[in-house]
Structure formats: C-alpha cells, structure tokens
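The primary structure of each chain is shown beneath.
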Amino acid sequence: MLAIYLKDVLDCFELTDGLLPGITTANACSNYSMTRELQSTREASGIEWPALRNHIPCMAHIIQLSLGAFMSSLGVKGHTKSWEAHEHDQQFGEDKSIDIGKSQRLRKEGNARINKVLAMRPGLATIIEKLHIS
C-alpha cells in the first residue's frame, strides 16, 4: 500500500527514470515491504533498483532503539506523561507534594542506576576502541 503512494509521489516529481538513488526510512517492517514492492514496480518499468542496496535504515532510529533497550535493561523509564499532561503542568504547575521518604528512595534508586552505568564504562570503552570510534 505504501509503495503505491510512494510511486505517486515519485511520478509527481518525475523521478521515474532511475533518478532515485536511495530511500532512508525508519525501521518499520512496512518500510521494508514498501521498498521491495518499489523494486518490483521499477523492474516492471525496466529500471534496476535493488531494494536491499537502496533502502537505508535511519541510523538515528537504530541508535534510539538501541539506547532505549539499553536504558530499559537498567530499569530506567522515560517520560510517561502525555504531551497534553506536560503542557497542563507547565501552565498550571505540578503537584510538588512528595514525602521525604519517597524522595530519598528515588534518589537512592537513581544513584544505583548511575553506578551500574559507571561500572559499564570500561566495557563500553573497549567496544568503542574496537569500533575505532572517537
């Protein structure tokens, strides 16, 4: 289905004669299906466009998914408020009433997570060194 819409856009911008060098997408399965379907429609038009070579998954999305899995393994949770709730709090103020015991417990849990991350630093440094990332 997405390939049909993509083909319409390509036709609209006259990118029908092999001028499309590649497509960068998020990593949703539907995008992989779309590029395979695009390959089929291109081949039917006599244009070589190998989806495996021309479909470029978004690196930022890959990093985000990896980081999310990493943070989840540490027990770190992201923001759980909706955008509307956050905006409401910005406009009308948040309820700041939190008991001291809960505050101390949260601080202790946060410090434990930080210590887990710090303990991983030597391993991460080794990985970065092996990947030649500076």
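Residues numbered from 1 in each chain as written. Predicted model: local features only at pLDDT ≥ 70, side-chain atom pairs only at ≥ 80, totals over all residues. Heavy atoms only, no water.

Draft legend 1. Molecular detail of the overall build of the chain. If you tally the helices and strands in the chain, you get 6 helices and 2 strands. Walking the chain from its N terminus toward its C terminus, one meets helices and strands in the order α-β-α-α-β-α-α-α. The buried share among the 134 residues of the chain stands at 14%. A sequence separation of at least 24 residues applies to 69% of the contacts in the chain between residues at least 6 apart. Accessible area of the chain: about 10700 Å², with a carbon and sulfur share of 60%. (Helix = DSSP H or I, 4+ residues; strand = E, 2+ residues; numbered from the N terminus. Buried < 20%, exposed > 50% of the residue type's maximum accessible area, 1.4 Å probe, protein only. Contact = heavy atoms within 4.5 Å. Areas by Shrake-Rupley, 256 points an atom, 1.4 Å probe, with all protein chains shown as cover.)

Draft legend 2. Local environment of the side chain of Asn54. Looking at where Asn54 falls in the secondary structure, it is placed in helix 3 (residues 51–54). Assessed through its relative accessible area of 7%, Asn54 is described here as buried. The residues contacting Asn54, other than those within four sequence positions of it, are Pro21, Gly22, Ile23 and Trp49.

Draft legend 3. Here's a closer look at the environment of Leu65. Within the secondary structure, Leu65 is located in helix 4 (residues 59–73). Placed 38 residues apart in sequence, Leu65 and Asn27 show a C-alpha to C-alpha distance of 9.6 Å.

Draft legend 4. Focus on the packing of helix 1 (residues 2–12) against helix 2 (residues 29–44). Packing of helix 1 against helix 2 leaves a shortest axis separation of 8 Å and a crossing angle of 55°. The angle between the axes of helix 1 and helix 2 places the two elements in the oblique class. Regarding helix 1 and helix 2, the two cross each other, and that crossing is right-handed. Between helix 1 and helix 2, the residues in contact are Leu2, Ala3, Leu6 and Leu10 and Ser30, Asn31, Met34, Glu37, Leu38 and Arg42, respectively. Here the contact of helix 1 with helix 2 is composed, by residue class, of 6 nonpolar, 2 polar and 2 charged. (Axes fitted to C-alpha atoms, helices over the stretch in contact; angles between N-to-C directions. Parallel < 35°, antiparallel > 145°, perpendicular 65-115°, else oblique. Left-handed = near helix turned anticlockwise from the far one by under 90°. Nonpolar A, V, L, I, M, F, W, Y, C, P; charged D, E, K, R; others polar.)

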